[in-house]
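# Architecture and fold: a report
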Number of protein chains: 2
Amino acid sequence: MARIKIIEQVTRANDQIAAQNRQWLDEQKVVAVNLMASPGAGKTSVVMRTIEALRGRARIGAIEGDTASQVDAERVATTGVPVVQINTGGGCRLDANMVRPALEQLPLDEIDLLLIENVGNLVCPAGLALGEHVNVVIASIPEGDDKPYKYPGMFLVVDAVVINKIDLLPYLDFDVPAFRELVAGLNPKARIFEVSCKTGEGIGEWTEWLAGMCPRK
Amino acid sequence: MARIKIIEQVTRANDQIAAQNRQWLDEQKVVAVNLMASPGAGKTSVVMRTIEALRGRARIGAIEGDTASQVDAERVATTGVPVVQINTGGGCRLDANMVRPALEQLPLDEIDLLLIENVGNLVCPAGLALGEHVNVVIASIPEGDDKPYKYPGMFLVVDAVVINKIDLLPYLDFDVPAFRELVAGLNPKARIFEVSCKTGEGIGEWTEWLAGMCPRK
């Protein structure tokens, strides 16, 4: 079973680097959040709204992951926060070894909260440690309320679920209580936030939760 | 570079099985379509609309891929077409070896058009052959018009792009001409269809294109 053995070695190597990243972040008193979601669920919009809401309360940095392009990093950079783009070159998720050099490029001593936007994907990023303290999946209304059925591996490992694009509820069939029940069945400890990055609704509750995790330097 | 060598072997083994699947489908005069998309872009809805539109013109079969659950296969089964669910057990895409036993469970001699719904993912399924004749990506309006920038690997390998959920255009900022231009820049030969599975708009043009590829048995 040489193939499985190699996969285990890769995962173990990743975990070791993730632990080093985590230790480095801890030393710098940076709380890191791994933001995961389908393509187009609104990860970058959540990052933008979070930066705006926490301005003056927490100093934010961002790492943007994509298979290609730097459009997200360019968007985040307009807010003035330090940001690094990682292109995976076709890879379906970030890993700890990709995050390491990104950390080296960020002024960690001037950051309280590091938002790491993973590659848009509900499968591959789940459970692969980057060094983060908090794992979050963003689910959006247009994707439908059945996603926890189909991607349980993701919903099982997160600390919070952000339901984004709730401004679209009038136009779509998305049963919020049914979705909440599905998530609670898989992962009773996961916090659930309902937000709209378009209108700003619910952003306050989400960012209060994040701010509560940041130590004061 | 043992790790790279093993990845090549896996891809090569997959390609061999895919070629066998393709040959088997050709012998049975079945045209197979690999439908790829983000989670929640509407793959199953496209399958449902396609079955409905081609009823009496092409005999359809379906393979539904997901990491877990059989909700999609149950939905498709309500139409009466033969359908098989593949659960990848956490795997981020179908491969040729998973499709093989699914083909064995389908009455291929009674099928003209086989719709294979891949796992919701814009990265991993791109370019991994299953034995299909046609590759299609479904992009949905709520995901945003920047997806070809971020997932070029997918948009480069497809024969057609279906833009789904166009009924939501009044509520969202999605620049259709800009999206079409991005796709054309990456892949000038790709056909582009604009559809709404909710209203049925555009489904006729899409299904005419599919029907035109089916040989008469």
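Above: the structure in question.
Scoring rules and cut-offs
- In this convention, every chain numbers its residues from 1, walking through the sequence in written order.
- Whichever chain is written first becomes A and whichever ligand is written first becomes 1, with later ones labelled in order.
- Per-residue local features are limited, in this predicted model, to residues with pLDDT of at least 70; the limit for side-chain atom pairs, both in listing and counting, is 80 or more; totals at the level of whole chains, interfaces and linings are taken over all residues.
- In computing side-chain properties, one takes all heavy atoms of the structure into account and sets aside hydrogens as well as water.
- Here a cavity means grid points, on a 1 Å grid over the protein atoms only, where a 1.4 Å probe fits yet cannot get out; a pocket means an open set of points with protein on both sides within 12 Å along at least five of seven lines; lining residues are those with an atom within 4 Å of a point.
- Grid points are joined across faces, edges and corners, and a volume is the space filled by probe spheres set on the points.
- Amino acids are sorted into nonpolar (Ala, Val, Leu, Ile, Met, Phe, Trp, Tyr, Cys and Pro), charged (Asp, Glu, Lys and Arg) and polar (every other residue, Gly among them).
- Accessibility here uses a 1.4 Å probe with only protein chains present; expressed as a share of the type maximum, an area under 20% marks a residue as buried, one over 50% as exposed, and anything in between as partly exposed.
- Helix and strand assignments follow DSSP, with helices taken as H or I runs no shorter than four residues and strands as E runs no shorter than two, numbered in order from the N terminus.
- For two strands to pair, DSSP has to find at least two bridges joining them.
- Copy-to-copy superposition: least squares on the C-alpha atoms, limited to residues that have pLDDT of at least 70 in both copies.
- Contact criterion: two residues are considered in contact whenever any of their non-hydrogen atoms come within 4.5 Å of each other.
- A side-chain nitrogen of Lys or Arg and a carboxyl oxygen of Asp or Glu constitute a salt bridge if their distance falls within 4 Å.
- Under this scheme, a helix contributes an axis fitted over its contacting stretch, all axes are lines through C-alpha atoms, and angles between N-to-C directions fall in the 0 to 180 degree range.
- Note that the term roughly parallel is reserved for angles under 35 degrees, roughly antiparallel for angles over 145, roughly perpendicular for angles of 65 to 115, and oblique for everything else.
- The buried area of a pairing is the accessible area, by a 1.4 Å probe, that goes missing from both parts when the two are put together, added over both.
- Whenever two N or O atoms come within 3.5 Å, that pair is a polar contact, provided that in protein one can donate a hydrogen and the other can accept it, and provided that, for residues adjacent in sequence, both atoms are side-chain atoms.

## Let's talk about empty space enclosed by the protein
Tallied over the entire structure, the rule returns 1 cavity of 30 Å³ or more. Lining the largest cavity are 13 residues; nearest its centre among them are Ser140(A), Pro142(A), Glu143(A), Ser140(B) and Glu143(B). Looking at the lining of the largest cavity residue by residue, the class counts come to 5 nonpolar, 4 polar and 4 charged.

## Here we look at the pairing of strand β2 (residues 60-66) of chain A
Residue and element names in this part refer to chain A. By the criterion of burial, β2 is predominantly enclosed, with 7 of the 7 residues buried. Residues Ile 60, Ala 62, Glu 64 and Asp 66 point to one face of β2 and Gly 61, Ile 63 and Gly 65 to the other, with burial holding for every one of them. In terms of strand pairing, β2 meets strand β4 (residues 113-117) through 5 bridges, oriented parallel. Looking at β4, one finds that Gly 61 is bridged to Leu 114. Here β2 runs beside strand β3 (residues 83-87); their pairing, made up of 5 bridges, is parallel. Bridge pairing in β3 links Gly 65 to Ile 86.

## Here's the deal with the relation of the copies chain A and chain B
The transform that puts chain A on chain B rotates by 180° and translates by 0.0 Å along the axis, for an RMSD of 0.0 Å. Both copies are brought into coincidence by an operation consistent with a two-fold rotation axis. The fraction of interface residues of chain A whose copies in chain B are also interface residues reaches 100%, indicating that both copies meet through the same surface.

## Some points on the environment of Leu115(A)
All names here are of chain A. Looking at where Leu 115 falls in the secondary structure, it is placed in strand β4. A relative accessible area of 1% places Leu 115 in the buried class. For the pair formed by Leu 115 and Glu 64, sequence separation is 51 residues and the distance between their alpha carbons is 8.3 Å. Setting aside residues no more than four positions away along its own chain, Leu 115 makes contact with Val 33, Leu 35, Val 47, Thr 50, Ile 60, Gly 61, Ala 62 and Ile 63.

## Let's talk about the pattern of salt bridges
Scanning the model with the defined rule gives 22 salt bridges over all chains in all. Among the salt bridges present, the one from Asp95(A) reaches Arg93(A), with a minimum N-O distance of 3.9 Å. According to the relative accessible area criterion, Arg93(A) is partly exposed, its value standing at 24%. A cluster of three or more residues bridged by salt bridges with shared partners is formed by Asp72(A), Asp146(B), Lys147(B) and Lys150(B).

## Here's the deal with the sheet that holds strand β6 (residues 160-164) of chain A
All names here are of chain A. Taken in spatial order, the 7 strands make up an open sheet running β3-β2-β4-β1-β5-β6-β7, and their pairing is parallel. On the outer flanks of this sheet lie β3 and β7 (191-194), each paired with one strand and no other. For this sheet, the mean inter-axis angle between neighbouring strands, taken without regard to orientation, is 20°. Each of β2, β3 and β4 is contacted by helix α4 (residues 96-104), which is oriented at about 150° to β3, the strand it contacts most. Set on the sheet, helix α8 (residues 203-211) makes contact with β1 (31-37), β4, β5 (134-140), β6 and β7; between it and β7 the angle comes to about 140°.

## Overview of the packing of helix α2 (residues 43-53) of chain B against helix α8 (residues 203-211) of chain B
The geometry of a pair of packed helices is captured by two quantities: the angle between their axes and the separation between those axes. Residues and elements named next belong to chain B. Where α2 meets α8, the axes come as close as 10 Å, and the angle between the chain directions of the two elements is 75°. It follows that α2 is roughly perpendicular to α8 by the angle criterion. Contacts between α2 and α8 involve Val 46, Arg 49, Thr 50 and Ala 53 on the former and, on the latter, Ile 203, Trp 206, Thr 207 and Leu 210.

## A look at the interface of chain A and chain B
As a measure of interface size, the accessible area lost when the parts come together is often cited. Opposite the 34 residues of chain A that make contact, chain B presents 34 residues. Sorting the residues of chain A by area buried against chain B places Pro39(A), Lys150(A) and Tyr171(A) first, and these three jointly supply 22% of that buried surface. Taken together, chain A and chain B are joined by 2 salt bridges. Linking Lys150(A) and Asp72(B) is a salt bridge whose minimum nitrogen-to-oxygen distance equals 2.7 Å. Where chain A packs against chain B, one counts 11 residue pairs in polar contact (both at pLDDT 80 or more). Of all the elements in the fold, those that place two or more residues in the side of chain A that touches chain B are α1 (2-27), α3 (71-77) and α5 (147-150) of chain A. Of the residues in the side of chain A that touches chain B, the class split is 17 nonpolar, 9 polar and 8 charged.

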